[in-house]
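Each chain is listed here by its residues.
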Amino acid sequence: MRKRIVAGNWKMNMLPNEAIHFIEELTPLVKDTKNEVILCVPYTDLFYAILTAQNTNIKIGAQNMHFEDKGAYTGEVSGEMLKSINVEYVIIGHSERRQYFNETDETVNKKIKSAFKYGLKPIVCVGETLEQREEGIAEEVITKQTELALAGLSDEQVKNTIIAYEPIWAIGTGKTATKEDANNSIRAIRNKIAKIYGQIIADSVIIQYGGSVKSSNAKELFEMSDIDGALVGGASLKADEFSKIVNA
Ligand code: 13P
């Protein structure tokens, strides 16, 4: 049985004092959940969030990292730097980074390898655009993204990769994929992993859905056979709303 992971992606929101208050408010609301709870916060919040979340069941992640260990990469943050302050997770290849910051399947793959090198657990995002969906090539796009992201990883690393299927047209738009569509896309990703790494590994990989997840639709999504939780944007910015998704 796969566990369910509900992760918040705060994107470029929340100052340190807001992060601290949020985690203090969220802690009692999610303390009894069986699901794993993660908050992926801006770099400037990481240290405060980790201290505030100590002795709770809330885990902290970053939203990006560089693939090199160190060097002349002004403005970048390495996996080793994240690990040094006890960050546990890192989102890699979010569509906003692919779209606005030239992230490619190749850099995504390098970042995942570097994340594992430093003991970070990657949450790897894949997803198709509206045009690709309408063209009927959504499955091809997301399975190819998955294949390229995981290329060269060991079986153990693939098992420990969290994948987030986030159709781009559903992000921040209020449009959620239907639970059937989301489940079918996630199943296609799982089948692709099975083809390359075998069914046992594919069955153990956690694959989340992301894109306008809220407390009102989380439960029906979570009831689907292949959806192992959610990566939540907007609805992760309010502790009460986010806790309802965690507990859905
Ligand atoms: P929304 O939940 O705001 O649609 O964002 C989804 C997302 O991009 C999470 O990474």
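Source: prediction; values computed, not measured.

## So, the site of the ligand
Neighbouring the ligand are Asn-9, Lys-11, His-94, Glu-166, Ala-170, Ile-171, Gly-172, Gly-211, Ser-212, Leu-231, Gly-233 and Gly-234. At 2.6 Å, a backbone N or O of Gly-172 approaches an oxygen atom of the ligand. Gly-234 is positioned such that a nitrogen or oxygen atom in its backbone is 2.8 Å from an oxygen atom of the ligand. When isolated, the ligand has an accessible area of 300 Å², and the protein chains bury 95% of it. Residues that form the shell around the ligand fall into these classes: three nonpolar, seven polar and two charged.

## Let's talk about the pairing of strand E5 (residues 121-126)
Here E5 lies mainly inside the structure; five of its six residues are buried. Here strand E4 (residues 89-92) pairs with E5 via four bridges, running parallel. From the neighbouring strand, Val-90 faces E5, where its bridge partner is Pro-122.

## Looking at the side chain of Ser-78
Mapped onto the elements of the fold, Ser-78 is located in the loop between strand E3 (58-62) and helix H3 (79-84). Classification of Ser-78 as buried rests on a relative accessible area of 5%. Setting aside residues no more than four positions away along its own chain, Ser-78 makes contact with His-66, Glu-68 and Asp-69.

## Things to note about the packing of helix H7 (residues 138-150) against helix H9 (residues 179-197)
At a minimum axis separation of 9 Å, H7 and H9 run at an interaxial angle of 45 degrees. Taken together, the axes of H7 and H9 are oblique relative to one another. Crossing angle aside, the handedness with which H7 passes H9 is right-handed. Contact with H7, carried on its side by Glu-139, Ile-142, Thr-143, Thr-146, Glu-147 and Leu-150, involves Ser-185, Ala-188, Ile-189, Lys-192, Ile-193, Ile-196 and Tyr-197 of H9 and no other residues of that element. For the contact of H7 with H9, the residue count by class is seven nonpolar, three polar and three charged.

## Re the environment of Thr-161
With respect to the helices, strands and loops of the structure, Thr-161 is situated in the loop between helix H8 (155-159) and strand E6 (162-165). Once the C-alpha coordinates of Thr-161 and Glu-18 are considered, the two residues, 143 residues apart in sequence, prove to be 30 Å apart. Not counting the four nearest positions on each side in its chain, Thr-161 is found in contact with Phe-116, Pro-122, Val-124, Leu-150, Leu-153, Val-205 and Ile-206. Separated by 2.8 Å, the side chain of Thr-161 and the backbone oxygen of Gln-157 make a polar contact.

## Structural notes on empty space enclosed by the protein
If you walk through the whole model with that rule in mind, you get one cavity of 30 Å³ or more. Size it by volume and the largest cavity reaches roughly 40 Å³. Lining the largest cavity are Gly-93, Ser-95, Arg-98, Cys-125, Val-126, Gly-127, Glu-166 and Ile-168. Among the secondary structure elements, those contributing two or more residues to the lining of the largest cavity are helix H4 (95-100) and E5. Grouping the amino acids of the lining of the largest cavity by side-chain chemistry returns three nonpolar, three polar and two charged.

Criteria and cut-off values
- Residues numbered from 1 in each chain as written.
- Predicted model: local features only at pLDDT ≥ 70, side-chain atom pairs only at ≥ 80, totals over all residues.
- Heavy atoms only, no water.
- Near = heavy atom within 4 Å.
- Polar contact = N/O pair within 3.5 Å; in protein donor to acceptor, adjacent residues only side chain to side chain.
- Areas by Shrake-Rupley, 256 points an atom, 1.4 Å probe, with all protein chains shown as cover.
- Nonpolar A, V, L, I, M, F, W, Y, C, P; charged D, E, K, R; others polar.
- Buried < 20%, exposed > 50% of the residue type's maximum accessible area, 1.4 Å probe, protein only.
- Helix = DSSP H or I, 4+ residues; strand = E, 2+ residues; numbered from the N terminus.
- Pairing = 2+ DSSP bridges.
- Contact = heavy atoms within 4.5 Å.
- Axes fitted to C-alpha atoms, helices over the stretch in contact; angles between N-to-C directions.
- Parallel < 35°, antiparallel > 145°, perpendicular 65-115°, else oblique.
- Left-handed = near helix turned anticlockwise from the far one by under 90°.
- 1 Å grid on protein atoms, 1.4 Å probe; cavity = no way out; pocket = protein on both sides within 12 Å on 5 of 7 lines; lining within 4 Å.
- Points joined across faces, edges and corners; volume = space filled by probe spheres on them.

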